[in-house]
Amino acid sequence: MTSLLERASEYSPSHLLQKVLRTGNVRVALNLLGPAMRGLVMHNGKQSASDMQASHMVHFDWTYQRDQPELRKLYELAKVSQWNATTDLDWSINVDPYDSRFDLFPERMSPLPDIPAYRGLSEREKQTHRHGLVSWMLSQFLHGEQGALFAACQVTEAIQWLDGKLYGSTQVVDEGRHVEVFYRYLNEKLGKLYTVNDNLYTLIDALMTDGRWDLKFLGMQIMIEGLALGAFGTMRQTSREPLLRELLKYVITDEARHVHYGVVALREHYHTLPEKDRREREDWAFEVAVLMRNRFFAHEFYDEFYGQTMSRKQWDELILNSAYMRNFRQTMFRRLVPNLKRINLMSDRIRPTTPPSACSSGSTRRPPPSSTPPTSSATPTHRSSSTDPLASAAANLRRRAGLRREPLPGTTRAGSTYSRTASRRSGSPPTSTA
Ligand SMILES: [Fe+2]
Ligand SMILES: [Fe+2]
């Protein structure tokens, strides 16, 4: 077993703590410190299994009142939208990562053409790298789905509304099916599985171990699933591999319901929270967005293919300016910002800014299937020019907190400001109705 100190070359505990104390919201920083230590310092996700200590309150309702019509409707929609991954997908399709007629993911959407070492490879070698990158992306989808499965279990236990619990039961089934299909595709068709990214691990750890029901909704239903919905849509629209496209189509119909569930569960609650608590959620969402962005640096893929040819800093800079990361920013604006606005977590102090062209040019957005509920607006707020909504939001926070400028991770600020989960803290599920 590797000790913490042996692993702390990149993020020593004292370095991490210094960064934590420089953040604008110490409560958020302290709540994320534990997950960050386990994910970014100890690299717990690189082990074959992980145990996380849950601490949320489980709520029983012995009256069985059905008083949430919107969730009731969503539950009915979920029941008639179920599908069987074994019989509804054609698993007999042969997937050949080296057949360019059925490109899994277009090269132009990846950071690979920007890498000098990649450009010098033979076509066969390039295909091997592309296969690796797609396998990495789908592996992270799979790990995220496992997190979604357990998060759905937790919010089903914690939410007070019976209609929410009934709907949650369908999401548990949905997420189990998503784990099934992504694992089967990786195992049977691509033959490759990457370990969970440290940033994603940290995020999942934070959701699983924090006792507050609303943070589970916010982190998983709004943030992770909102971004995943955009990423799935991009991949489905650009892939030429028919089984992957079909698989993603089914998954997208489910995910759209899940994000909508999160918005319904949180919007009234966050409009009635005391300002101090609301701001804490807002800052927490910002840190989660940073973790999600850092996941996209694909360090597991880098370690395998480019760790010997370029430094991680060079790699991160290259990724940051790639079309691949531009797509992440656009997806974030389209999928996250509108929903954060709906649930009252996008005040002026944190609102990112971007030019309208950043959201419209090269758009890869695909409208969700007609059977799915609306989950996001396509019209984000634009106030001034910037290309990175996270950097923009961070600048807003720094300015209002009177802090000096500190670059975000992935630019020059490696690590970020993750802090400790209140592992024994338990929040109260909502008591009011929408
Ligand atoms: Fe899912
Ligand atoms: Fe989901």
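Reference entry: report on the structure contained in this document. These numbers were taken from a predicted model, which means no experiment stands behind them. (Residues numbered from 1 in each chain as written. Chains lettered and ligands numbered in written order. Predicted model: local features only at pLDDT ≥ 70, side-chain atom pairs only at ≥ 80, totals over all residues.)

**Points about the overall build of the chain**
When its secondary structure is counted, the chain shows 16 helices and zero strands. For the chain, the residues scored as buried account for 50% of the 434 residues in total. Taking the intrachain contacts of the chain between residues at least 6 apart in sequence as the baseline, contacts between residues at least 24 apart amount to 85%. (Helix = DSSP H or I, 4+ residues; strand = E, 2+ residues; numbered from the N terminus. Buried ≥ 20, exposed ≤ 12 C-beta atoms within 10 Å, placed from the backbone. Contact = placed C-beta atoms within 7 Å.)

**Quick word on unusual backbone geometry**
Phi at His43 is positive, roughly 55 degrees, even though this residue is not glycine. By the element assignment, His43 lies in the loop between α3 (26–41) and α4 (69–80). For Ala298, which is not glycine, the phi torsion reads 55 degrees and is therefore positive. As for its placement among the helices and strands, Ala298 is situated in the loop between α11 (275–295) and α12 (299–305). Accessibility expressed as a C-beta count within 10 Å gives 23 for Ala298, which makes it buried.

**A look at the environment of Leu215**
Looking at the secondary structure, you find Leu215 in helix α9 (residues 213–238). Residues Leu215 and Ala285, spaced 70 residues apart in sequence, show a C-alpha to C-alpha distance of 8.9 Å. Discounting chain neighbours no more than four positions away, the residues touching Leu215 are Leu207, Asp210 and Trp284.

**A word on the packing of α3 against helix α8 (residues 198–209)**
Between two packed helices, both the angle of their axes relative to each other and the distance between the axes serve to describe the pair. Two elements in contact, α3 and α8, have axes separated by 8 Å at closest approach and are oriented at 140 degrees. By the angle class used here, α3 and α8 are oblique. The chirality of how α3 crosses α8 is right-handed. Residues Leu32, Gly34, Pro35, Ala36, Arg38, Gly39 and Leu40 of α3 form the contact with α8, whose participating residues are Asp198, Tyr201, Thr202, Asp205, Ala206 and Thr209. For the contact of α3 with α8, a count of residues per class yields six nonpolar, four polar and three charged. (Axes fitted to C-alpha atoms, helices over the stretch in contact; angles between N-to-C directions. Parallel < 35°, antiparallel > 145°, perpendicular 65-115°, else oblique. Left-handed = near helix turned anticlockwise from the far one by under 90°. Nonpolar A, V, L, I, M, F, W, Y, C, P; charged D, E, K, R; others polar.)

**Some thoughts on α3**
With 16 residues, α3 extends only 20 Å from end C-alpha to end C-alpha; this falls clearly short of the ideal 22 Å at 1.5 Å per step. At Pro35, α3 shows its maximal bend, which comes to roughly 40 degrees. Just beyond α3, the residue with positive phi is His43, at close to 55 degrees. (Expected span 1.5 Å × (residues − 1). Bend = angle between axes of the 7 residues up to and from the residue.)

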